Every structure is written in structure tokens, then in C-alpha cells.
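Read off the chains here:
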Amino acid sequence: MRFLVQPHPAALDRARPPVRAFLAFSVLLLVGWAASRAAHGALTPDGLARILEPSPGERFGPLALWEEVHQGAFLYGFLLLTLGSLLVVSPVAPGLRNALIGVATAAALVDLLAPFLPVVRPGFPGWAALRIGAFALAMVALLAAVVLAWANFGREGRRTGG
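Residues numbered from 1 in each chain as written. Predicted model: local features only at pLDDT ≥ 70, side-chain atom pairs only at ≥ 80, totals over all residues. Heavy atoms only, no water.

**Student:** I'd love a proper account of the packing of helix H3 (residues 45–52) against helix H7 (residues 127–152), names of residues and values included.
**Tutor:** At their nearest, the axes of H3 and H7 sit 9 Å apart, and the two run at 105° to each other. Relative to H7, the element H3 is oriented roughly perpendicular. Only Trp127, Ala128, Arg131 and Ile132 of H7 make contact with H3, whose side of the interface consists of Pro45, Leu48, Ala49 and Leu52. The class makeup of the residues in the contact of H3 with H7 is 7 nonpolar, no polar and 1 charged. (Axes fitted to C-alpha atoms, helices over the stretch in contact; angles between N-to-C directions. Helix = DSSP H or I, 4+ residues; strand = E, 2+ residues; numbered from the N terminus. Parallel < 35°, antiparallel > 145°, perpendicular 65-115°, else oblique. Contact = heavy atoms within 4.5 Å. Nonpolar A, V, L, I, M, F, W, Y, C, P; charged D, E, K, R; others polar.)

What follows is the structure, encoded as C-alpha cells:
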């Protein structure tokens, strides 16, 4: 990761292959995450309600909800940090970079927090659709950040001032 703090052309040339390998694995992670949710029925409101809505007597939601928050917070946080860092040292317009990372961050937070709405207010309408939409938006923004980093990392004209 030295290339992030000491960007030199030789370091960038050496960094490009492992960065591209990381970006390829990032795409696999995102596709796998979406496939896992689809396989568990978590991409439909009814399926999501069955999985994550608290049962009577459960005050803070089922264990599956806490596992999803733990996994999601780690995956989203890791991808946002690394993709944001790669885009900072790439010749990408700051406005575009900030918009992508901002949209991905906001969507990730909604995705992680929406299942708590029926815990706080039982019967809260639309929480599942909100979560599904936020997940889709986060995936699109993160995939766009991956494509942008793939196409621009290590190119001439890098912005080192952020």
C-alpha cells in the first residue's frame, strides 16, 4: 500500500497487477453477496420479512439480523475504504469519486439499518423494499467504483491532492 502515500511511477507499475487482482476479487465478492441474498430469498420483500423480521417476544430482532449487520458492516466498510483510497490516487474527478463513494455509503447504511425499523416500530411498512433498493443501489455504486478504479488506477495525470 506504499503507493498510496508515496506515489512514484515505478511503484504504480508494480502495484497495478495486485490492485487489479483485488478489484477482480471485489467483483466476485459483490456478485457472490447478491447471489447469496437471492438464494436465501432476501431479494424479495416477503422472503426478507421471513428471514429478518423479529418473532413475537424478540426485542432486538433475530440472530440472522445481527449476523447480517456484522457481515455487511465489514464488507461495506472494507470495500468503501479500499475503493475510495484507490480512486483518490487515480485521475478521477473528485466530484465523481465523492458522488460514487457517498451514494454507496448512504445506500450501505440504509441497507444495514432498514431491518431495525420493524424492531423499533413493529409493522413498519416498506422496510423490506427500502432495504432491497438500498442494497441494489450500493451494489451498482460499488461496481461502478471498481470499474472506475480498474480503468484509471496508475494512469498518468493522477491527482495526488485528493
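**Student:** Provide a residue-level description of the packing of helix H2 (residues 9–39) against H7, including the pertinent values.
**Tutor:** Two elements in contact, H2 and H7, have axes whose closest approach is 10 Å; the angle formed by their N-to-C orientations is 165°. On the basis of their axis angle, the class for H2 and H7 is roughly antiparallel. As H2 packs across H7, the resulting crossing turns out to be left-handed. Between H2, through Arg20, Leu23, Ala24, Ser26, Val27, Leu30, Trp33, Ala34 and Arg37, and H7, the contact on the second element is made entirely by Arg131, Phe135, Met139, Leu142, Leu143, Val146, Ala149 and Trp150. For the contact of H2 with H7, the class distribution of residues is 13 nonpolar, 1 polar and 3 charged. (Left-handed = near helix turned anticlockwise from the far one by under 90°.)

**Student:** Account for the pattern of salt bridges, with residues named and values stated.
**Tutor:** Charged atoms that come close allow side chains of opposite charge to pair. Scanning the entire structure with this criterion turns up 4 salt bridges. Ionic pairing is found between Glu68 and Arg131, a salt bridge with its closest N-O pair at 2.6 Å. On the criterion of sequence distance, the pair formed by Glu68 in helix H4 (residues 63–88) and Arg131 in helix H7 is long-range, its members being 63 residues apart. For Arg131, a relative accessible area of 2% gives the class buried. Through salt bridges that share partners, Arg37, Glu68, Asp111 and Arg131 make up one connected network. (Salt bridge = Lys/Arg side-chain N within 4 Å of Asp/Glu carboxyl O. Buried < 20%, exposed > 50% of the residue type's maximum accessible area, 1.4 Å probe, protein only.)

**Student:** Can you lay out H2 for me, pointing to particular residues and giving the numbers?
**Tutor:** With 31 residues, H2 should reach 45 Å at 1.5 Å per residue; the first-to-last C-alpha distance of 44 Å fits that figure. With its phi angle positive at about 80°, Gly41 sits one or two positions after the end of H2. (Expected span 1.5 Å × (residues − 1).)

**Student:** Requested: an account of the packing of aromatic side chains, with residues and values cited.
**Tutor:** Per the counting criterion, the structure on display carries 4 aromatic pairs. Considering the side-chain rings of Phe22 and Phe78, the 5.9 Å spacing of their centres and the 80° angle between planes classify their relative orientation as edge-to-face. Taken as a pair, Phe22 in helix H2 and Phe78 in helix H4 lie far apart in primary sequence, 56 residues in all. Owing to a relative accessible area of 22%, Phe22 belongs among the partly exposed residues under this scheme. Under the relative-accessibility criterion, Phe78 is labelled partly exposed at 36%. Ring centres of Phe74 and Phe78 lie 6.1 Å apart, and the angle between their planes is 10°; this geometry places the pair in the stacked category. With a gap of 4 residues between them, Phe74 and Phe78 both fall in helix H4, about one helical turn apart. An aromatic cluster is defined as three or more aromatic residues linked by ring pairs; in this entry it consists of Phe22, Phe74 and Phe78. It is Arg37 that lies over the ring of Phe135; its NZ or CZ is 3.9 Å from the centre. (Phe/Tyr/Trp six-rings, centres within 6.5 Å; stacked < 30°, edge-to-face > 60°. Lys NZ or Arg CZ within 6 Å of the ring centre and 35° of its normal.)

**Student:** Please set out the environment of Leu137 residue by residue, giving values where relevant.
**Tutor:** Within the secondary structure, Leu137 sits in helix H7. We classify Leu137 as partly exposed; its relative accessible area is 44%. In this structure, the C-alpha to C-alpha distance between Leu137 and Asp111, residues 26 residues apart in sequence, is 9.4 Å. Ignoring sequence-local partners within four residues, the contact set of Leu137 consists of Val103 and Ala107.

Function cannot be inferred from these measures alone, as they are strictly geometric.
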